[in-house]
Amino acid sequence: MVFFVKKYFIMLSALFCIFIQNIWANISPQPRIINGDTASEAQMPWQVALVTNPLDAYQSYVCSGSLIADRWVVTAAHCAEQLKKLDKNYYVLVGTNNLQDSQQGQIIKVKQAYIHEQYNNRIYNNDLALLELERAVDFIKCGINCQTIDLINPIIEKQNAPITTLVKVAGW
């Protein structure tokens, strides 16, 4: 009798799991950006896309980053770690906010990724990485669509960004 009950309990549990899985699979995904707006061209000229295929930025997009110098991008360590694990070349797309038209921007190969030495991928502490580019961004060619992001000076941070300051977050 115990074997009979256990057998049917396991079968019913499996059917229930399949049922729940089908329900979850049919629920449409919810957007993760609330009240977001599409950026206009040159609104975020420091925004870059990390991609694995220079010919198809839209399909090979992995993460975003910010241009901090002509050969340097700051991004999340978990992005750089993910790209390093692929063990193939990866690139940044600069100078456009349209991943489907990479002809507008410049595609530059990443030379080296430097992940924060105290990065913890379990809890995402120190989730920071620098990407060194193989060549400099051509700011003249980009015009207003490429520029480095202004960094906050820690000495005057409280003047520049008090706690009540509204900020913008950008990404694809």
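So, here's what we can say about the structure. If you're wondering where the values come from, they're calculated on a predicted model, not measured in any experiment.

Definitions and limits used
Residues numbered from 1 in each chain as written. Predicted model: local features only at pLDDT ≥ 70, side-chain atom pairs only at ≥ 80, totals over all residues. Heavy atoms only, no water. Disulfide = S-S within 2.5 Å. Helix = DSSP H or I, 4+ residues; strand = E, 2+ residues; numbered from the N terminus. Pairing = 2+ DSSP bridges. Phe/Tyr/Trp six-rings, centres within 6.5 Å; stacked < 30°, edge-to-face > 60°. Buried < 20%, exposed > 50% of the residue type's maximum accessible area, 1.4 Å probe, protein only. 1 Å grid on protein atoms, 1.4 Å probe; cavity = no way out; pocket = protein on both sides within 12 Å on 5 of 7 lines; lining within 4 Å. Points joined across faces, edges and corners; volume = space filled by probe spheres on them. Nonpolar A, V, L, I, M, F, W, Y, C, P; charged D, E, K, R; others polar. Core = buried A, V, L, I, M, F, W, Y, C linked by side-chain atoms within 4.5 Å. Contact = heavy atoms within 4.5 Å. Salt bridge = Lys/Arg side-chain N within 4 Å of Asp/Glu carboxyl O.

**A word on the state of the cysteines**
Counted by the stated rule, this structure contains two disulfides. Covalent S-S linkage joins C63 and C79, the inter-sulfur distance amounting to 2.0 Å. With the S-S bond torsion at -75 degrees, the cross-link from C63 to C79 turns out left-handed. Residue C63 is located in strand β2 (residues 61–69), and its partner C79 is located in helix α3 (residues 77–86); the two are separated by 16 residues in the primary sequence.

**Some details on the pairing of strand β5 (residues 106–115)**
Direction of pairing for strand β4 (residues 91–94) relative to β5: antiparallel, over a ladder of four bridges. In the strand pairing of β5, Y91 is matched with K109. When β5 meets strand β6 (residues 129–133), the two strands line up antiparallel, connected through five bridges. Looking at the pairing, Y114 lines up with L130 of β6.

**Structural notes on the packing of aromatic side chains**
According to the stated counting rule, one finds one aromatic pair in the structure shown. Ring geometry for W72 versus Y114: centroids 5.9 Å apart, planes at 40 degrees, classification tilted. Linking W72 in strand β3 (residues 72–75) with Y114 in strand β5, this pair joins segments that are 42 residues apart in sequence. Of the residues examined, W72 reaches a relative accessible area of 28% and is grouped as partly exposed.

**Quick notes on the layout of surface pockets**
Here the largest pocket is characterised by a volume of approximately 830 Å³. Taken together, 22 residues line the largest pocket, and the ones lying closest to its centre are D37, V169, A170, G171 and W172. Per-class residue counts for the lining of the largest pocket are eight nonpolar, ten polar and four charged. Considered as a void within the structure, the second largest pocket measures approximately 650 Å³ in volume. Lining the second largest pocket we find 20 residues, and of these W46, S66, I149, D150 and K168 sit closest to its centre. The dominant element in the lining of the second largest pocket, judged by the number of residues it contributes, is β2, at four residues. Partitioning the lining of the second largest pocket into residue classes produces twelve nonpolar, six polar and two charged.

**A look at the nonpolar core**
In terms of nonpolar packing, the biggest core is built from 23 residues, with V92, L131 and V137 touching the most fellow members. Sorting the residues of this core by element identifies β1 (47–51), β2, α3, β4, β5 and β6 as the ones contributing at least two each. Per-element accounting of this core gives the leading share, four residues, to α3. L131 has contacts with L50, R71, W72, V73, T75, A80, Y90, V92, V110, Q112 and A113, leaving out every residue within four places of it along the chain.

**A short note on the pattern of salt bridges**
Throughout the structure, instances matching the rule amount to two salt bridges. With a closest N to O distance of 3.9 Å, E132 and K111 form a salt bridge. Note that E132 is positioned in strand β6 and K111 in strand β5, a separation of 21 residues in sequence. Judged by relative accessible area, which is 16%, E132 ranks as buried. K111 sits in the exposed class, given a relative accessible area of 52%.

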